[in-house]
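Chain by chain, the residues:
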Amino acid sequence: MRILAKVIKPSSGGVVYFDGQNEIDEDLIIHAIGFLSPHVEPYGELTLHENIRFVLRTDMAEDKIGEHLHYFGLFNHRNSPVSHLSTGLKQRLKYLLAVINEPKVLLFDEPGSNLDAPGKDLVYSYINSLKKDRIIIVATNVKEEERLCGEVLSLG
Amino acid sequence: MVNELFRNITKDFSIEFKNPSTLVTSLSFAAIATISISLVSRSYQFSPFIQSILLWLIMFFAGMNSLLHIFIREVDHGNELFLKLNSSAFSVYFSKLIFNCVLFLFLQIIITPLGIAFLQFSIQSQFFFIAIIMCGGFAISGTTTVLSAIVARSGGRGSLFTIISFPVLLPVLWVAISSTEKALGQSGFWDSESLVFLLAFSGMIIALSFLLIRFIWLDE
């Protein structure tokens, strides 16, 4: 997944992203990808709101940020340091940070990890709503998460 | 790029304000070193040469911990991947370079009056003294930023950083110490060559860092 996210180079081969017929420049790839993984850690010293402001690449109005926070059930925690959040709330924050820039490609590594049942329902319905106009790649060992995908590729 | 740079700078300063323990450690080291020397030497008046050496050594070692941690912190706290996903290598490098320059300048602003107060510094050429302190500080910050990125990626720590910094910074310290000696001991002194050397050294290191940071910071 990190190779797809272009943060590491493969030992052989490569990954190329196209926007229509045009290859997307390497330096612009980070603008097109949203990545969620257990290894992606937002800044614990900063609040949720500060982490969101760090990630945002365009000016977004506060009420729009508020909408996203409300959707993921994080609005009441927006001024809390991330280090004070439970693992479930932190996972919801990671979703928010991965999608808030509306990237065209979303990479979800173990999307249901650390989430309780309501949290899973929330994010699975969110992923389903995004499928229409995004490329979504999910890496998972969980059967129910395979159902989020149109195609399944079994490795190993 | 500018927006990304601004976001990174804001982030780094916010984190430092919320947890200034590293800065406090550096300032404590500087204060303890200065006061210890003052107490041991009693009323002994050091020559400008010795004063210059003491000043730059205190600044160097006080700065090492703070200048290193800007990249180490990303690795230690597990934020490295998050940062790579949201910022290009160039904006990460330049934001941390600016942070280190401001941080070291702040240390110098604190340490220099300590030297004047406790080690009886008497600055004869004030303008040149300020210029050499700033140019030397800029050279040290510029060099240590890319070295801290290398140490962070290699999994090394403070001792490795100090060891690899010293030979690279030796020319800077040499010129800074000898020029500061003149500023402390000679009235109306000015040496443009020293300043040009320090600025050229900084420019060269920063230019090399700009070319190499992508290979250092990303897994290429």
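About the thresholds
- Residues numbered from 1 in each chain as written.
- Chains lettered and ligands numbered in written order.
- Predicted model: local features only at pLDDT ≥ 70, side-chain atom pairs only at ≥ 80, totals over all residues.
- Heavy atoms only, no water.
- Axes fitted to C-alpha atoms, helices over the stretch in contact; angles between N-to-C directions.
- Helix = DSSP H or I, 4+ residues; strand = E, 2+ residues; numbered from the N terminus.
- Parallel < 35°, antiparallel > 145°, perpendicular 65-115°, else oblique.
- Left-handed = near helix turned anticlockwise from the far one by under 90°.
- Contact = heavy atoms within 4.5 Å.
- Nonpolar A, V, L, I, M, F, W, Y, C, P; charged D, E, K, R; others polar.
- Buried < 20%, exposed > 50% of the residue type's maximum accessible area, 1.4 Å probe, protein only.
- Pairing = 2+ DSSP bridges.
- Polar contact = N/O pair within 3.5 Å; in protein donor to acceptor, adjacent residues only side chain to side chain.

(A) Looking closely at the packing of helix α1 (residues 2-18) of chain B against helix α5 (residues 89-118) of chain B. Residue and element names in this part refer to chain B. Remark: α1 packs on α5, axes separated minimally by 9 Å, with the N-to-C direction vectors making an angle of 45°. The pairing of α1 with α5 is recorded here as oblique in orientation. The handedness of the crossing between α1 and α5 comes out as right-handed. Residues E4, L5, N8, I9, K11, D12, F13 and E16 of α1 touch α5, and the partners they reach there are S91, V92, F94, S95, K96, I98, F99 and V102. Of the residues in the contact of α1 with α5, the class split is 8 nonpolar, 3 polar and 5 charged.

(B) Geometry of the environment of A:A139. All names here are of chain A. With respect to the element layout, A139 can be found in strand β5 (residues 135-139). It is 29 Å that separates the C-alpha atoms of A139 and E45, two residues lying 94 residues apart in sequence. Every residue in contact with A139, bar those within four places of it in the chain, is listed here: M1, F108, D109, E110 and P111.

(C) Geometry of the pairing of strand β4 (residues 105-109) of chain A. Residues and elements named next belong to chain A. Across the 5 residues that make up β4, a large majority, 5, are buried. Judged by which residues are buried, β4 turns out to be covered on both faces: V105, L107 and D109 on one side and L106 and F108 on the other are all buried. The sheet contact formed by strand β3 (residues 33-36) and β4 spans 4 bridges and is parallel. Bridge pairing in β4 places F35 opposite L107. As paired strands, β4 and β5 are joined by 5 bridges and run parallel to one another.

(D) Structural view of the side chain of B:S91. Residues and elements named next belong to chain B. Mapped onto the fold, S91 is located in helix α5. Since its relative accessible area comes to 0%, S91 is described here as buried. Polar contacts involving the side chain of S91 include one to the main-chain carbonyl oxygen of S88, which spans 3.1 Å. With near-sequence residues (within four places) excluded, S91 lies in contact with M1, E4, L5 and N8.

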